[in-house]
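# Topology and contacts: notes
Residues per chain are reported as follows:
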Amino acid sequence: MAAEDVPVVTRAGEEDRQTGQSGGAVRISGVSIQHTPATKLWFGQVTNRPGYRSFPHHHGEAETGGYVLRGHGRIYFGEGYRQFLDMTAGDWVFVPPFMPHVEANMSTTEELVWLTARTPENIVVNLDDVDDSTLEGFVRV
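Please read these numbers as outputs of a predicted model, since none were measured by experiment. (Residues numbered from 1 in each chain as written. Predicted model: local features only at pLDDT ≥ 70, side-chain atom pairs only at ≥ 80, totals over all residues. Heavy atoms only, no water.)

## A short note on the sheet that holds strand β9 (residues 112-119)
Filter applied, for reference: Strands pair, by our definition, only if DSSP identifies at least two bridges between them. Each helix corresponds to a stretch of at least 4 residues labelled H or I by DSSP, and each strand to a stretch of at least 2 residues labelled E; elements are numbered beginning at the N terminus. For every element, the axis is a line fit to its C-alpha atoms; helices are fit only across the contacting stretch, and the angle between N-to-C directions ranges from 0 to 180 degrees.
Strand order in this open sheet of five strands is β1-β2-β9-β4-β7, and the pairing throughout is antiparallel. Each edge of the sheet is formed by a strand with only one pairing partner; in this case those strands are β1 (25-31) and β7 (92-95). Strand-to-strand, the axes of this sheet are offset by a mean angle of 25°, without reference to chain direction. Looking at chain direction, strand β2 (residues 42-48) and β9 are connected through seven bridges and run antiparallel. Residue Asn-48 lies in a different strand from β9, and its bridge partner there is Leu-112.

As structure tokens, this is what we get:
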């Protein structure tokens, strides 16, 4: 049996932290090409501290699915990032390939934590930043 034919467990605290980052969105991977035999999947956790947000970015060709574990998140997208969708614990989100967006923690006191799966891998392309005042309702700590 080859190494890629058996399950691989990434222990708590041993996640890959050399993954693509985007400002206040901190990503760690539990399953990725960097430390498991996975070749077509990135699965990890994204955390936004209270009052923090990502830079505008997209995930290249990758399709992205997310599940909010705790907190109140908002994804800004569209022209000037004027459109947005809110999410809270238990919500799922799909972000299409190449879609510029900003992931924001809408709380100034609680962390936003979500699980994210991406295929084929964790692609993070940071774009030019925008002023917080252009993001409706966002307040930085």
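## A short note on the pairing of strand β6 (residues 83-88)
Sheet topology note: the strand β5 (residues 72-77)/β6 ladder contains six bridges and is antiparallel. Among the inter-strand pairings, Tyr-76 is bridged to a residue of β6, identified as Phe-84. What sits between β5 and β6 in their antiparallel hairpin is a turn of five residues, with Gly-78 showing a positive phi close to 80°.

So, to be careful, I would describe these as geometric facts and stop short of saying anything about function.
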